[in-house]
Amino acid sequence: DVHHFKYTYRMIHDFFKEFQYVDIDGYGDKVEQLYWERGQPSGNTEHQIWWRATKRINRFVRYFLKFNYQTLYHGKHETMFQGHKMKTNMADSIFRIEMYVQFDYNNKFKDHWFLKHFENIFMKRIYLEKRKMHRQEAYSDAIKLTNKIKRALGMKTPISMPKSFRSEKMIT
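Since the structure is predicted, the reported quantities are computational estimates derived from the model, not experimental observations.

Peer 1: Just checking my understanding: could you explain the packing of aromatic side chains for this structure?
Peer 2: To describe a pair of aromatic rings, one takes the distance between the centres and the angle between the planes. One pass over the structure, following the stated rule, counts 11 aromatic pairs. Centroid distance tyrosine 9 to tryptophan 51: 5.1 Å. Interplanar angle 80°. Geometry classified as edge-to-face. Placement of the pair is tyrosine 9 in helix α1 (residues 5–18) and tryptophan 51 in strand β3 (residues 45–56), with a sequence separation of 42 residues. Tryptophan 51 gets classed as buried once you look at its relative accessible area, which sits at 2%. Between phenylalanine 67 and phenylalanine 95, the aromatic rings sit 6.2 Å apart at their centres with planes inclined by 35°, giving tilted as the arrangement. With phenylalanine 67 in strand β4 (residues 61–81) and phenylalanine 95 in strand β5 (residues 84–103), the pair connects residues that are 28 residues apart, well separated along the chain. Every member of this aromatic cluster is reached through a ring pair, and the members are Tyr9, Phe15, Phe16, Phe19, Tyr21, Trp51, Phe67, Tyr69 and Phe95. The lysine or arginine in question, arginine 131, covers the ring of phenylalanine 103, its NZ or CZ lying 6.0 Å from the ring centre.

What follows is the structure in structure tokens.
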């Protein structure tokens, strides 16, 4: 299907702003960590774009969004559209989205002389329901981004939120 590289880039950037994700340094909307482009002898190019962003929920919890956008075999192509031959670019695009929930990202529990002994109990018993809620919210944000990309590319989106096919990860 046809999509514009620049439009997709801006749409994803707007998603980050809309859902209040900021760069990992906390300076604002400079979420792009890497833009890499490599030419091949055949005239095609490859792109790698890495975005890393965080969304601070409170002083104890934040979401970490890792987004990789990769294009392969990006090159000039001629196609027929409404009976006219048009010059376009053609590429294979790969989108990778990973979402993490970071608890105690400032190490307030681990660095405190008294609280470090109760961190495990707190996380597994007292804060269990909140942990589940935060995981669900973070997963919901990742699904919203996925659906936004799919709609822009003209792909089908699920009606209900699908179950993750990866195991849950947690950064502590």
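That was the structure; now back to the text.
Peer 1: Please clarify how the environment of isoleucine 149 should be interpreted in this entry.
Peer 2: With respect to the helices and strands, the residue isoleucine 149 is situated in helix α4 (residues 128–152). In this view, isoleucine 149 contacts Met11, Ile12, Phe67, Phe95 and Ile97; residues no more than four positions away in its chain are not counted.

Peer 1: How should I be thinking about the pairing of β5 in this particular structure?
Peer 2: Regular strands show a simple pattern: their side chains alternate between the two faces of the sheet. Pairing geometry for β4 and β5, over 19 bridges, is antiparallel. Across the sheet, the residue bridging to arginine 62 is glutamine 102, located in β5. Counted between consecutive antiparallel strands, the loop separating β4 from β5 contains two residues, among which glutamine 82 sits at a positive phi close to 55°.

Peer 1: How do you make sense of the nonpolar core when you look at a structure like this?
Peer 2: Taken as a class, soluble globular proteins show a tendency for nonpolar side chains to be buried jointly. Judged by nonpolar contacts, the single largest core of 27 residues is most densely connected at Ile12, Phe16, Tyr21, Phe67 and Leu145. Listing elements by their share of this core, those giving two or more residues are α1, β3, β4, β5 and α4. Top contributing element to this core by residue count: β4, with five residues. Once you skip the residues sitting within four places of it in the chain, phenylalanine 67 turns out to touch Ile12, Phe16, Ile49, Trp50, Trp51, Arg52, Phe95, Arg96, Ile97, Leu145 and Ile149.

Peer 1: Quick question: what am I supposed to make of the environment of isoleucine 97 here?
Peer 2: Along the chain, isoleucine 97 falls in strand β5. Here isoleucine 97 falls in the partly exposed class, since its relative accessible area comes to 24%. Between the C-alpha atoms of isoleucine 97 and alanine 142, which are 45 residues apart in sequence, the distance is 6.9 Å. Once residues within four sequence positions are removed from consideration, isoleucine 97 is found in contact with Leu65, Lys66, Phe67, Ala142, Leu145, Thr146 and Ile149.

Calculation notes
- Residues numbered from 1 in each chain as written.
- Predicted model: local features only at pLDDT ≥ 70, side-chain atom pairs only at ≥ 80, totals over all residues.
- Heavy atoms only, no water.
- Phe/Tyr/Trp six-rings, centres within 6.5 Å; stacked < 30°, edge-to-face > 60°.
- Helix = DSSP H or I, 4+ residues; strand = E, 2+ residues; numbered from the N terminus.
- Buried < 20%, exposed > 50% of the residue type's maximum accessible area, 1.4 Å probe, protein only.
- Lys NZ or Arg CZ within 6 Å of the ring centre and 35° of its normal.
- Contact = heavy atoms within 4.5 Å.
- Pairing = 2+ DSSP bridges.
- Core = buried A, V, L, I, M, F, W, Y, C linked by side-chain atoms within 4.5 Å.

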